[in-house]
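Now for the letters of each chain:
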Amino acid sequence: MSSDGDTENYVNGDSLEKVKQTVRDRSKKVAQTKEILSEQAVKSKEMLSKQAVKIAKQAKEHERFINKVTYLCSVLGFGAFCFLLGARPQVIPYVYCVFYVTFVPLRWIYYRHILLDDFYILNGSDYQNGTPDDPMGRTTDFCYYANTIFLIMLLLFPRNEKLFMICFSFAEGPLAWALIVWRCSLVFSSVDKLVSVLIHLLPGIVFFTIRWWDITFFEAMHPEGMAQIASLPYVESKSFLWTWLFFVPLATYSIWQALYFLIVNVLRRQRLLRDPEVMTSYRELSKKAQKANNIWWHLSGLLGEQNRLFMYIMLQALFTVATMALTVPIFLSYRLHIIFQILKVSATVWNGAIFLLEVMPRQVVLKEKKKTVMLTGHTQEDQSAIALENTIKLARIFLGLGYSQVLSE
């Protein structure tokens, strides 16, 4: 009996060792597989980055031709959009959806792999020194989250009246006023600037068409069994409007703002302190305000240099409250809503004119000056003066001032 017991224990012990060895072998295989997959992911990422840089370099070599093609396609697209807006306003929401799912991911790839190492898209602001519209800002920026909510509402919950009103408040509140405050420029030859404008402009146009022109869309939101009223679109009581156009959107925005502050100023604080080149909205906007020495710079410094971040948060809060409160009268008045659409478009076109007539000539001068330095290795005063003068003339001719006016000078 003891011999049989010893044999059984030996067999059981041997089986246990085999099981343990099998587990160890499988663990090693899993670890090796993870390592291989990790290496492949790193290689794939490096390959994509190299391809993106290569494409960017090729694009720079053919920059003028690409700008011409961009301008042509943008103008034709703008004309087609205006036609659809007048002839088929009911398709505008779907045009917007196609635009967003197509261009925003491409924009993210462009900044992530070509321009930036740490990507935080900013709020579409337009820099007068010629840098991109959305440089190192914040992927956590509200406009991208808001546009994602718009997409979900239009495609998945088109009959949800309350969600529609929240989206309306976002679109015609902070996003719409950002076009004016952050000086976005409508420049048809720049994809970057064009997308920056459309991200903020299109949602308002979409909800304008739904609010006033697409009766069937708005009728679908009516609660079942409720009597239809003569004036369309359907409007509840004033308290209902203020609740869903102001208080609920403001609460939603406040939650996002708190999370953004937690991520940027707490969780990523050390990263930001190590690298001053990584831009947040506060860093970039304060940099612009300081350079312009405008009213926002003076207001943010009322409590001292050390409290500028706090003042920025307060100014941002006031901006949000004011712009969301204005959505209530806009929602109730067709004429006011029309005027607001004209104001937004006019502001972006005006800023685009400033860019073309003032900023672009300076960009051309700087590019030519850099080329001259690279070719000669040194610059003489007389050669620089002649080169700058010729470049300015060429830029003004390009902008349509005409040969005769330039030559007369």
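Residues numbered from 1 in each chain as written. Predicted model: local features only at pLDDT ≥ 70, side-chain atom pairs only at ≥ 80, totals over all residues. Heavy atoms only, no water.

Per an unreviewed UniProt entry, the protein goes by Glycerophosphocholine acyltransferase 1 and derives from Camellia sinensis. Per UniProt, the protein has the following entry under Subcellular location (unreviewed entry): "Membrane". (UniProt positions renumbered as here; feature names shortened; annotations may be inferred.)

Enquirer: Any details on the overall build of the protein? Residues and values, ideally.
Expert: Counting its secondary structure elements, the protein contains 16 helices and two strands. Burial statistics for the protein: of 409 residues in total, 36% are counted as buried. When the accessible area of the protein is evaluated, it comes to approximately 24400 Å², of which 65% is carbon and sulfur surface. (Helix = DSSP H or I, 4+ residues; strand = E, 2+ residues; numbered from the N terminus. Buried < 20%, exposed > 50% of the residue type's maximum accessible area, 1.4 Å probe, protein only. Areas by Shrake-Rupley, 256 points an atom, 1.4 Å probe, with all protein chains shown as cover.)

Enquirer: Give a detailed account of the side chain of Gln-316, specifying residues and quantitative values.
Expert: Within the fold, Gln-316 resides in helix H12 (residues 308-325). Relative accessible area serves as the criterion here: at 12%, Gln-316 is assigned to the buried category. Among the polar contacts made by the side chain of Gln-316, one reaches the side chain of Tyr-253 at a distance of 2.8 Å. (Polar contact = N/O pair within 3.5 Å; in protein donor to acceptor, adjacent residues only side chain to side chain.)

Enquirer: Give me the lowdown on the UniProt feature "transmembrane region" (unreviewed entry) in the protein, citing residues and values where you can.
Expert: Summarizing the sequence annotation, UniProt attributes the feature "transmembrane region" (unreviewed entry) to residues 69-87, 93-110, 142-157, 163-182, 194-213, 241-264, 309-332 and 338-360 in the numbering used throughout. Secondary structure across residues 69-87 comprises 100% helix and 0% strand; the distance between its end C-alpha atoms is 27 Å. Regarding residues 142-157, the helix share stands at 94% and the strand share at 0%, and the terminal C-alpha atoms are separated by 21 Å.

Enquirer: Can you lay out the pattern of salt bridges for me, pointing to particular residues and giving the numbers?
Expert: Following the criterion strictly, the structure yields one salt bridge and no others. Here Lys-344 ties to Glu-172 by a salt bridge, and the two come within 2.7 Å at their closest N and O atoms. Of the two residues, Lys-344 is situated in helix H14 (residues 334-376) and Glu-172 in helix H5 (residues 161-181); the sequence distance between them amounts to 172 residues. No difference in accessibility class separates Lys-344 from Glu-172, as the two residues are buried. (Salt bridge = Lys/Arg side-chain N within 4 Å of Asp/Glu carboxyl O.)

Enquirer: Kindly report on helix H2 (residues 63-87), identifying the contributing residues and their values.
Expert: With 25 residues, H2 ought to run about 36 Å at 1.5 Å a step, and its terminal C-alpha atoms sit 36 Å apart, in line with that. Along H2, the residues classified as buried are Thr-70, Ser-74 and Phe-81. (Expected span 1.5 Å × (residues − 1).)

Enquirer: So what's going on with the packing of H5 against helix H6 (residues 191-213)? Which residues, and what values?
Expert: Two packed helices can be described by the angle between their axes and the distance between those axes. The contact between H5 and H6 brings their axes to 9 Å, and the two run at 140°. By the angle class used here, H5 and H6 are oblique. When you trace H5 past H6, the crossing you get is left-handed. In this structure, H5 uses Phe-164, Cys-167, Phe-168, Ala-171, Glu-172, Leu-175, Ala-176, Ala-178 and Leu-179 to contact H6, whose residues at the interface are Val-197, Ile-199, His-200, Leu-201, Pro-203, Gly-204, Phe-207, Ile-210 and Arg-211. A breakdown of the residues in the contact of H5 with H6 according to their chemical character gives 14 nonpolar, two polar and two charged. (Axes fitted to C-alpha atoms, helices over the stretch in contact; angles between N-to-C directions. Parallel < 35°, antiparallel > 145°, perpendicular 65-115°, else oblique. Left-handed = near helix turned anticlockwise from the far one by under 90°. Contact = heavy atoms within 4.5 Å. Nonpolar A, V, L, I, M, F, W, Y, C, P; charged D, E, K, R; others polar.)

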